[in-house]
Amino acid sequence: MAEKTDLPILGEDKTKTYRLGIMGGTFDPIHNGHLVAAEQASDELNLDLVLFMPAGSPAFKQDRDVSSAKDRFAMTLLATADNPKFITSRAEIEREGITYTADTLQILRAFYPKNVELFFITGADALLEIAKWKDSEKIAEMVTFVGATRPGYDLDKIQVELEKSPIPFKVFYLEVPALAISSSELRTRQAEGKSLRYLTSDSVIGYINKHHLYRARKDTGFSSTFQAALNNPTIFSEDEQKGIEQIEKDAAKQLEKKPKRLAHSLEVGRVAEALAKQYGADTKEQFKARIAGILHDWEKAASVEELFKKAKTIGLENDPRLENIKLEDAKPLLHGFIAAHTLKQRYPNLTEDMLNAIALHTLGAKDMGFLEKIIFIADTIDPTRGPLPRLVLLRCLVGKVSLDELYFCCYRENIDYVIATNRYLLPQSLDIFNALVKKRSELDVSPSA
Ligand code: ATP
Ligand code: MG
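In this text the structure is predicted, and so the values were computed from the model without any measurement.

Procedures and definitions
Residues numbered from 1 in each chain as written. Chains lettered and ligands numbered in written order. Predicted model: local features only at pLDDT ≥ 70, side-chain atom pairs only at ≥ 80, totals over all residues. Core = buried A, V, L, I, M, F, W, Y, C linked by C-beta atoms within 7 Å. Buried ≥ 20, exposed ≤ 12 C-beta atoms within 10 Å, placed from the backbone. Contact = placed C-beta atoms within 7 Å. Pairing = 2+ DSSP bridges. Helix = DSSP H or I, 4+ residues; strand = E, 2+ residues; numbered from the N terminus. Right-handed = clockwise from strand over helix to strand, strands pointing away. Near = placed C-beta within 6 Å. Nonpolar A, V, L, I, M, F, W, Y, C, P; charged D, E, K, R; others polar. Axes fitted to C-alpha atoms, helices over the stretch in contact; angles between N-to-C directions. Parallel < 35°, antiparallel > 145°, perpendicular 65-115°, else oblique. Left-handed = near helix turned anticlockwise from the far one by under 90°. Expected span 1.5 Å × (residues − 1). Domains from an automatic or database assignment.

A. Fine view of the nonpolar core. Grouped together as the largest cluster of nonpolar side chains are 57 residues, with contacts concentrated most on A272, L275, A292, L295 and I358. In this structure L275 touches A289, I374, I377, A378 and V398, once residues within four positions along its chain are discounted. Within the second largest apolar cluster, 45 residues are counted, among which are M23, L51, M75 and F119.

If you want it as structure tokens, here you go:
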């Protein structure tokens, strides 16, 4: 490790002693509890530096999926970047296998000269366990522990406990403003769509959102391969990647007052991209699916009245796709058609099939092109709609049935839903459904169903 280490140099002046704080943890994600504990330890004990070392494969957390070391390292780096005394090291994450604190400390002890004292900062919960750690006697010789308060733990009691241990741990007890924050809580909050603001740095929140960490993905019904495709979006060209970021930003602005709708739109983009891939599209088509998905609900910020007015202004009643439909009856579908109209002006690069997919995402049609079906399906099965049993069933079909069959099943689900919620079902929707039924029976998919 010594030859290619990122550990900061300390202890050069042999006439002086130095104090190095070490903050180990999973940091999945790092939060203000970690940062406050480190800062106060540094302040109280006059530490020269505090080394944050995200764990590789943590010994104590084998029971859940820990985020990748790359993500945990990046978040720790972002959170500590503005504090000159905080340094984030890759030393632990680069080690293979389970990482034990004892091994890490041994490496550090070997790396730093004797005039560097090591302080291992831990929360009260971890302090309670130190006697059980691997090689705890060796650890006790190498470091002074700094035990920081953590809600739910009484430092006095821990002190009594540790004094019973035969191992002579050196512990400095530190009362820090007890922050009732844990990484687990942040993960849960993120999965539930709750705010993380003021619990960790804005830069970390930005990273979590950008990389879709901690999203509730369980029990949505998708197969593990489709789920994996969703979790690992296609790497597009740099220009395309930038294009997606810009469109996502524009959508965020447009739907700023409708955060749930925005979350849905962004997710439909991802699902559409993954569906396109699943059903054999090349990256260009996947890119188009992603963009159309993000944009499909562009007009959802407008009220029905506003949309109705707009529909009149742009002469939507003459649109052949709405033939025989009174605008009055078509209110729930207007946002798609109007979005296609608005977006055509705003983004001249959108292709005809993208615009059509956006226009038709609610009404559908008898004959739909590839992208049109993809957006229609993605909108129906989007996981942000939750684990509703009927949607879980539809999601199970992804990759198992043809795209036409999936479209048919989604169409039927949408009709069912209109009826189940006592809303007016356009005769055209029924016509489309019947046409799909006929087509399907010709294909002999399921003649008697
Ligand atoms: P999880 O909820 O996943 O267990 P965590 O919040 O406990 O995560 P870890 O990465 O396990 O975070 O913790 C690293 C170190 O930081 C541990 O020593 C832990 O005790 C300490 N720590 C974590 N949260 C706090 C807090 N709110 N106050 C003080 N110390 C904390
Ligand atoms: Mg913990």
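B. Structural view of the pairing of strand β8 (residues 170-174). When strand β7 (residues 143-148) meets β8, the two strands line up parallel, connected through five bridges. Each residue of the ladder has a partner; that of G147, found in β8, is Y173. This β-α-β element, β7 to helix α6 (residues 155-164) to β8, shows right-handed connectivity.

C. The site of ligand 1, seen in detail. Surveying the vicinity of ligand 1 reveals 18 residues, the closest of which are G25, G33, G123, S183 and S184. Where the shell around ligand 1 is concerned, the elements lending two or more residues are α1 (32-44), β6 (116-123), α4 (124-127) and α7 (183-191). Top element by residues in the shell around ligand 1 is α1. It accounts for three residues. Split into classes, the residues belonging to the shell around ligand 1 amount to six nonpolar, nine polar and three charged.

D. Highlighting the packing of helix α11 (residues 259-278) against helix α12 (residues 283-295). Between α11 and α12, the least distance of the axes is 7 Å, while the angle of their chain directions is 155°. On the basis of the axis angle, α11 is roughly antiparallel to α12. Where α11 crosses over α12, the handedness of that crossing is right-handed. For the pair α11 and α12, contact is made by S265, L266, V268, G269, V271, A272, E273, L275, A276 and K277 and by E285, Q286, A289, R290, A292, G293 and I294, respectively. In terms of residue class, the contact of α11 with α12 is made up of nine nonpolar, four polar and four charged.

E. Summary view of the sheet that holds strand β2 (residues 49-54). On the basis of which strands lie adjacent, the open sheet formed by six strands has the order β4-β2-β1-β6-β7-β8 and parallel pairing. Strand pairing shows two members of the sheet lacking a second neighbour, β4 (86-88) and β8, which therefore form its edges. Taken over all neighbouring pairs, the strand axes of this sheet differ in orientation by 30° on average, direction set aside. Strands in contact with α1 are β1 (18-25), β2, β4, β6, β7 and β8; relative to β1, the strand with the most contacts, it is inclined by about 165°.

F. Representation of unusual backbone geometry. In this structure, P29 follows D28 across a cis peptide bond, with omega equal to 0°. Of note in this structure, F27 is not a glycine but carries a positive phi near 55°. Tracing the backbone through its elements, the reader meets F27 in the loop between β1 and α1. F27 sits in the buried class, given 27 other C-beta atoms within 10 Å.

G. Geometry of helix α18 (residues 403-420). In this model α18 runs 25 Å from its N-terminal to its C-terminal C-alpha over 18 residues, within 8% of the 26 Å that 1.5 Å per residue would give. Within the span of α18, buried status applies to L406, Y407, F408, C410 and Y411. Residues of α18 that are buried sit in contact with α16 (370-381), α17 (389-396) and α19 (427-443). Positive backbone phi, approximately 55°, marks N422, located one or two places after α18.

H. Geometry of the domain arrangement of the protein chain. Each domain of the protein chain was delimited in the assignment, giving domain 1 (2-191) and domain 2 (219-443). Each of domain 1 and domain 2 has a C-alpha centre, and the two are 48 Å apart.

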